[in-house]
Amino acid sequence: MANAALEAMLGSQRAFAVAAAGCGKTELLGQLVADQRLGRQLVLTHTHAGVAAIKKRLADMRVPHDKFHLDTIAGWCLRYGAAYPAISGFRPNAETDPDWVAAYSGAEKICRTALGRRVVSESYNGVLVDEYQDCTLNQHALVQALAKCVPCRGVGDPLQTIFGFRDDPIVPWETIKSDFEVLHDALTEPWRWRRKGQNAELGEWLASARNELEATGQVTIAKEAPVTWVSHHDKVTAAQIWASTCRHVGAADESVAAILQWPRNCQALARWLGGRWPVVERFDDPDLPKLCQRLAKADGPTACAELVEFLAERMTGIGTELGPIVEAIKSGRGTSRFRKNREFAAQLSALAKEPTPAKALAWIEGILFRQTGWWLYRRECVSQLREAIRHCNGANFAELPDMVAAARARARHRGRPTKRKTIGTPLLLKGLEFDHAVLLWEPDHLSAQGLYVALTRGSKSLTVVSRSRNLVPT
């Protein structure tokens, strides 16, 4: 990392460094936090994956914890607004059932008051915002309010803009350029690929691919490119060739990310891989609250069926093996004739007779602790469900929806560990780095930004499965 970038950022209280993927944005943030000329910094990013990446970098640099507070923009706004509900307008229980647009505007209201300015300026000496290109208009307004209290600096890349919401659009790049002192050439070297043991040639190719994408709207994988290209032909299904390719990428102790556009295809690939590759999923999947509402009204046999179906959609083997047991319970027949999975049959029978959280938890934990045969590949909701049921104190599922909301709030704060072999969309893998990346190009293409994010996730190798060497995003 050149000292020039650090000094340029320190030279302005509203500096903004533009940099491509792998060119040192996270390293620059770490250096800014560590620099003794700056006091305690509020470091904000968009995702829990981003929080984890920055936290690791700061730990590697041995930055004292009292030098920073690290959080997602949404998480910080939620807690800050909840601390002053009379000003922010937050409703009760806002932290367990958040309205994110209201969270940003509520936190901004506080920052624009004399009390809010004093609290911010006494808590922090500056604000650093990562991945600023993904800030929405409401988030940008919040940062502008914070900038009235303390210096604010940001880093970002317009070609990695892949967030965005219908009711809160992304801040225009022209607005960023007008509200910050933009440093376009502060970070230009692809450090991620030049480190020892990585792939410098791939880094150079990605830089040229970026230029091609910006100039022509597509990326061409030439035969001489340092990229493994796998032709997707019609003799096998997409999932088959995707799974076959993934199995042959990377050593056992190396990290690999398989990247697809659509969550449903991520789940299909996970099943083809036998559940060994988990899917990175959103924290707020709507399936879990819907399950809770149904369980709160269900009788015993229906509760058994709902729980088995929910886990069967997230775990290999369960639906086939436990389906007949559920049908027997629903029809009023006994389960003693089932010799295979006898323990789980007995637990389901007990749950059908007395549908309590304690009996549901015993069955779920038995399933999760089974050693062989069944693989959990969609972990997030199952983990939240298990934690929520554990906190239910009643004899029925009436309080489960509230316990799930609380479990989700804790999950957002805690973040998630990344497995060595994983599957995800560019949106959910953004900000993460792997040894190897496998882009599984789907017929309904990614955006230019999604394509660039996907191409730049691997530091040692990139594999692309597609029908053509020309990748043309929508």
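Along every chain, residues carry numbers that run from 1 in the direction the sequence is written. Per-residue local features are limited, in this predicted model, to residues with pLDDT of at least 70; the limit for side-chain atom pairs, both in listing and counting, is 80 or more; totals at the level of whole chains, interfaces and linings are taken over all residues. Heavy atoms from the whole structure form the basis of all side-chain values; hydrogens and water molecules are not counted.

Participant: Teacher, can you tell me more about the overall build of the chain here?
Facilitator: Of regular secondary structure, the chain possesses 22 helices and 13 strands. Throughout, radius of gyration means the C-alpha value; the globule benchmark is 2.2 Å times the number of residues raised to the power 0.38. A globule of 474 residues ought to have a C-alpha radius of gyration of about 23 Å, and the chain, at 24 Å, matches this closely. Referenced to the eigenvectors of the C-alpha coordinate spread, the extents of the chain come out at roughly 75 × 60 × 40 Å. For every residue, the accessible area (1.4 Å probe, protein chains only) is compared with the maximum for its type, and the residue is labelled buried under 20%, exposed over 50%, or partly exposed between those bounds. Residues classed as buried in the chain amount to 54% of the 474 residues present. In this analysis, two residues are considered to be in contact whenever any of their non-hydrogen atoms come within 4.5 Å of each other. Taking the contacts inside the chain whose residues are at least 6 apart along the sequence as the reference set, 76% of them involve residues at least 24 apart. Shrake-Rupley sampling with a 1.4 Å probe provides the accessible areas, and residues are treated as covered by the protein chains on show and by no other component. Per element, the accessible surface of the chain, about 21,000 Å² overall, is 51% carbon and sulfur. We score Asp and Glu as negative and Lys and Arg as positive, and we do not count His or the chain ends. All charge positions are set by atom: Lys at NZ, Arg at CZ, Asp at CG, Glu at CD. The chain carries 61 positive and 51 negative side-chain charges, and their two centres are separated by 5 Å. Secondary structure elements are taken from DSSP: a helix is a run of H or I of four residues or more, a strand is a run of E of two residues or more, and numbering for both begins at the N terminus.

Participant: Quick question: what am I supposed to make of the sheet that holds strand E9 (residues 256–259) here?
Facilitator: Pairing between the strands of a sheet comes from backbone hydrogen bonds, and it takes one of two forms, parallel or antiparallel. Strands qualify as paired when DSSP identifies two bridges or more between them. Overall, parallel pairing links the five strands, which are arranged E8-E12-E11-E9-E10 in an open sheet. The sheet is open, and its two edges are formed by strand E8 (228–231) and strand E10 (421–424), each paired on a single side. Neighbouring strand axes in the sheet, compared pairwise and without regard to direction, differ in orientation by 20° on average. Note: E9 against E10, four bridges, orientation parallel. Bridged to Ile 259 within E10 is Gly 424. Lying over the sheet, helix H22 (residues 448–455) contacts E9, strand E11 (434–440) and strand E12 (458–466), oriented at roughly 140° with respect to E11. To define axes, lines are fitted to C-alpha atoms, for helices over the stretch in contact only, and angles between the resulting N-to-C directions are given on a 0 to 180 degree scale.

Participant: Whenever I open this one, the environment of Glu 254 confuses me. Can you help?
Facilitator: Looking at the element boundaries, Glu 254 is found in the loop between helix H12 (238–247) and E9. Between the C-alpha atom of Glu 254 and that of Trp 173, which follows or precedes it by 81 residues, the distance is 37 Å. Sequence-distant contacts of Glu 254, defined by excluding residues within four places in its chain, comprise Arg 420, Lys 421, Asp 435, His 436 and Lys 460. Here a polar contact means two N or O atoms within 3.5 Å. Within protein one must be a hydrogen donor candidate and the other an acceptor candidate, and residues neighboring in sequence count only if both atoms are side-chain atoms. Polar side-chain contacts of Glu 254 include one of 2.8 Å to the side chain of His 436. A polar side-chain atom of Glu 254 sits 2.9 Å from a polar atom in the side chain of Lys 460.

Participant: Is there a simple way to think about helix H1 (residues 3–10) in this case?
Facilitator: Because each turn of an α-helix spans 3.6 residues, side chains separated by three or four positions end up pointing in the same direction. The set of residues buried in H1 consists of Ala 5, Leu 6, Met 9 and Leu 10. The buried side chains of H1 occupy one side of the element, clustering within an arc of 130° when seen end-on. Turned more than 90 degrees off the buried face of H1, the exposed positions are Asn 3 and Ala 4. What the arc describes is the spread of directions from the helix axis to the C-beta atoms.

Participant: I would appreciate a short explanation of unusual backbone geometry in the present structure.
Facilitator: What you tend to see is this: most non-glycine residues have negative phi, and most peptide bonds are trans. Phi at Arg 62 takes a positive value of approximately 60°, unusual for a residue other than glycine. Its identity as a non-glycine residue notwithstanding, Asn 341 has a phi of 60°, on the positive side. By the element assignment, Asn 341 lies in the loop between helix H16 (318–330) and helix H17 (342–353).

Participant: Sorry if this is basic, but what is going on with the pattern of salt bridges here?
Facilitator: Pairing between side chains of opposite charge can happen when their charged atoms approach one another. The rule for a salt bridge is simple: a side-chain nitrogen of Lys or Arg has to be within 4 Å of a carboxyl oxygen of Asp or Glu. One pass over the full model with this rule turns up 28 salt bridges. Across the pair Arg 37 and Glu 7 runs a salt bridge, and its minimum N-O distance is 2.9 Å. Placement of Arg 37 in the loop between helix H2 (25–34) and strand E2 (41–45) and of Glu 7 in helix H1 is noted, with a sequence separation of 30 residues between them. With a relative accessible area of 38%, Glu 7 lands in the partly exposed category. A salt bridge links Glu 387 to Arg 410; the shortest N-O distance between them is 2.5 Å. A residue pair is termed long-range when its members are at least 10 positions apart, and Glu 387 in helix H19 (residues 380–390) and Arg 410 in helix H20 (residues 400–414) qualify at 23 residues. For Glu 387, a relative accessible area of 11% corresponds to the buried category. Arg 410 sits in the partly exposed class, given a relative accessible area of 31%. Via salt bridges that share partners, Glu 7, Asp 35 and Arg 37 belong to a single interconnected network.

Interpretation in functional terms is not warranted from these geometric data alone.
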